[in-house]
Amino acid sequence: MEVQGRSRSCLIRCVSALSDKRMAEKAQNRKDFKLSVTKAAEIIKENIEKGKSITLISHVDADGLAAASIMGKALAREEAFFRIRIWKQMDELLVEEIASEEKSLLVFSDLGSGNLDLLSSKLPEWDIVVLDHHQLIGKPSNKLIHVNPHNNSFDGAREISGAGVTYFTAKAMNELNVDHASLAVVGALGDSQDKNDKKKLFGLNEEIANDAVNAGYLKIETDLIFYGRETRPVHKALAYTTNPFIPDLSGEEDKCYGFLSNLGIKLKNEDRWRTINDLNIEEKQKIFSELAKYLSSKRLPNTIAFSLIGTVYTLIKEDRWTPLRDAREYSSLLNACGRMSKSGLGIEIGMGNLSGSLDEAKEEMNGYRKTLAEYMDWMTKTPKATEELGNIYVINGMGVIDELMLGTIASIVSTSGFFNENKPIIALTSTETGMIKVSGRIPNNVLDKKLNLGTIFDKASTQFSGSGGGHDVAAGAQLPQGLENEFIKLIDQMIGAVKE
Ligand code: C5P
Ligand code: ZN
């Protein structure tokens, strides 16, 4: 007995020593990450002080637009000379275009880490800062300041977004930039970094959310996650919810009105429409349980219904009746601007120039939702649009799906139980420039931790004179037209090989 007792206490001591070691490592990683952030902030400030101009280059999605807006506001605060450019992806042509321009400090946000060799070889004489969270491809030159959470053992797909990396840099430039923390929360949600228990942001994202709360900009609570909890009539909020996509309700206001009325939910208080916020707990529970039954009648798994409840992030300084009030809705608005080729509008919104631009962005959002609903409808009704291979599902959107919308479609499908089996989703379409654009997503319930789509896309696309990369669970690639069938076959094989 005595020996057993001693060995048990030894085990407890060893486990606790191990967890102490892990915590110390994590703290050191955080410190190292912040050091790299400080270095980037110093370089940017040095350039501002010398009166040099800065070119800020960011990605076209919600995270990229949030990142550009954060840095844009930080640079404006320092009265810097700067301009902002938004790209859908980094490629040789665009880097060559920069190389032909007058020199400035280049600050990349939410892109760059996947193109380190390209930046180093094409822009050897330029001062470059990369603030990104994508997986690294290539090596940075000595001249390039590279801030990326993967360098410090943080998971760039889940713990911090491009907007988050940019936020920490902005905060290191000037503590006052803490007022942009909630925009970094918007960026993280735009990149679906809330795929956790209770849809809560964690890791470095949690630190950012806490900054926003402490500065008085953000409220965090648990509730139904409908689009427009505080801003829209309940039936519209349900209809606007496309993540998860609820068959026959998402995008269908009239049907949502009928669904909720049949449940006996009072949709108006005298003349005023009620919002989710106005409902009492019993009403919310009723809606949730009936939606769960509805989804199960459509043979969709329980997890889809549970993704309708979770952590809600409210930007309490934004006007209650605008889509900027709810962080997920804000991210959708930015995403819509980017995907509808109106990234300038997204930047206006992110930087707080709302007069006129907010109404215009809402219009874009309506068009964007309509187009998404049309694509989903087309996919449901067109047998040839989707195909199941051994290890993946393929969505063939060639000639139908706009290249800027492809990633969003792949994301929606991967979170909506659209297919019976749990397999990675690979979507493809043709581009205006005669290329093929590919988007890959690994649904949450595909639990193979070894699967890394970003690495697979990188390796596979280089075999077909293309380029690819991204995160382990969400990646993209471009390759010349005509090679798509061989490429898809290879991706299927490579994913199969990981499982063996
Ligand atoms: O384009 P899509 O949304 O499918 O891309 C998924 C992720 O992969 C994004 O974060 C995007 O920035 C990244 N990506 C990349 N390199 C590429 C294509 C996409 O890092 N060549
Ligand atoms: Zn991102």
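Here goes a summary of the coordinates provided. None of these values were measured; they are calculated from a predicted model.

**Structural notes on a negative patch on the surface**
The grouping of Glu348, Asp359, Glu360 and Glu363 at the surface amounts to a negative patch. Here the negative patch takes 3 residues from helix H14 (residues 357-381), the largest share from any one element. Note on placement: aspartate 359 falls in helix H14.

**Considerations on the sheet that holds strand S14 (residues 467-470)**
Strand order in the open sheet formed by 6 strands is S10-S11-S12-S13-S15-S14, with mixed pairing between adjacent strands. Strands at the two margins of the open sheet, each flanked by one partner only, are strand S10 (386-388) and S14. Taken over all neighbouring pairs, the strand axes of this sheet differ in orientation by 15° on average, direction set aside. Strand direction decides the pairing type here: S10 and strand S11 (residues 393-396), joined by 3 bridges, are antiparallel. Counted as the bridge partner of glutamate 387 is valine 394 from S11.

**Observations regarding the site of ligand 1**
In the region of ligand 1, 16 residues are neighbours, and His59, His134, Lys437, Ser439 and Arg441 sit closest. Separating an oxygen atom of ligand 1 from a side-chain N or O atom of arginine 441 is a distance of 2.9 Å. Within the backbone of glycine 469, a nitrogen or oxygen atom sits 3.5 Å from a nitrogen atom of ligand 1. For ligand 1, whose unbound accessible area comes to 450 Å², protein coverage reaches 84%. Sorting the residues of the shell around ligand 1 by element identifies strand S13 (435-441), S14 and strand S15 (474-480) as the ones contributing at least two each. Among the elements that take part in the shell around ligand 1, S15 stands out by supplying 5 residues, more than any other. For the shell around ligand 1, a count of residues per class yields 3 nonpolar, 11 polar and 2 charged.

**Side note on the pattern of salt bridges**
With the rule as written, the count across this model stands at 33 salt bridges. Arginine 229 serves as the salt-bridge partner of glutamate 221, at 3.5 Å between the closest nitrogen and oxygen. With a shortest N-O distance of 2.8 Å, arginine 325 and glutamate 230 are connected by a salt bridge. Here arginine 325, found in the loop between strand S9 (309-315) and helix H12 (327-339), pairs with glutamate 230, found in the loop between strand S6 (218-224) and helix H8 (234-240); they are 95 residues apart in sequence, far enough to count as distant. Across the pair, exposure class does not vary: arginine 325 and glutamate 230 are buried alike. Through salt bridges with shared partners, a single ionic network connects Lys219, Glu221, Asp223, Arg229 and Lys284.

How each quantity is defined
Sequence order as written defines the numbering, with residues in each chain counted from 1. Working convention: letters from A go to chains and numbers from 1 go to ligands, in the order in which they are written. Side-chain atom pairs in this predicted model are given and counted only at pLDDT of 80 or more, local residue features only at pLDDT of at least 70, and totals for whole chains, interfaces and linings cover all residues. To get the side-chain values, all heavy atoms of the structure are used, and hydrogens and water are removed first. A patch is a set of surface residues, each over 30% in relative accessible area and not in a salt bridge, joined within 9 Å for like charges and within 5 Å for the nonpolar side chains Val, Leu, Ile, Met, Phe, Trp and Tyr. Using the Shrake-Rupley algorithm and a 1.4 Å probe, accessible areas are obtained, with residue cover drawn only from the displayed protein chains. Any Lys or Arg side-chain nitrogen found within 4 Å of a carboxyl oxygen on Asp or Glu counts as a salt bridge. Residues counted as positive are Lys and Arg, residues counted as negative are Asp and Glu, and His and the chain ends are not counted. Lys charges are placed at NZ, Arg charges at CZ, Asp charges at CG and Glu charges at CD. By the criteria applied, helices consist of DSSP H or I runs no shorter than four residues and strands consist of E runs no shorter than two, each listed in order from the N terminus. DSSP-based pairing: two strands are paired if at least 2 bridges between them are found. In this analysis an axis means a line fitted to C-alpha atoms, helices contributing only their contacting stretch, and an angle means the value between N-to-C directions, from 0 to 180 degrees. Nearness of a residue to a molecule or strand requires only that one of the residue's heavy atoms be within 4 Å of it. Polar contacts, as used here, are pairs of N or O atoms within 3.5 Å; protein pairs need one atom able to donate a hydrogen and one able to accept it. Residues neighboring in sequence count only if both atoms are side-chain atoms. Amino acids outside the nonpolar list (Ala, Val, Leu, Ile, Met, Phe, Trp, Tyr, Cys, Pro) and the charged list (Asp, Glu, Lys, Arg) are all regarded as polar, and Gly is one of them. In this scheme, a residue with accessible area under 20% of its type's maximum is buried, one over 50% is exposed, and one in between is partly exposed, where area comes from a 1.4 Å probe on protein chains only.

Don't take any of this as a statement about function, it's just geometry.
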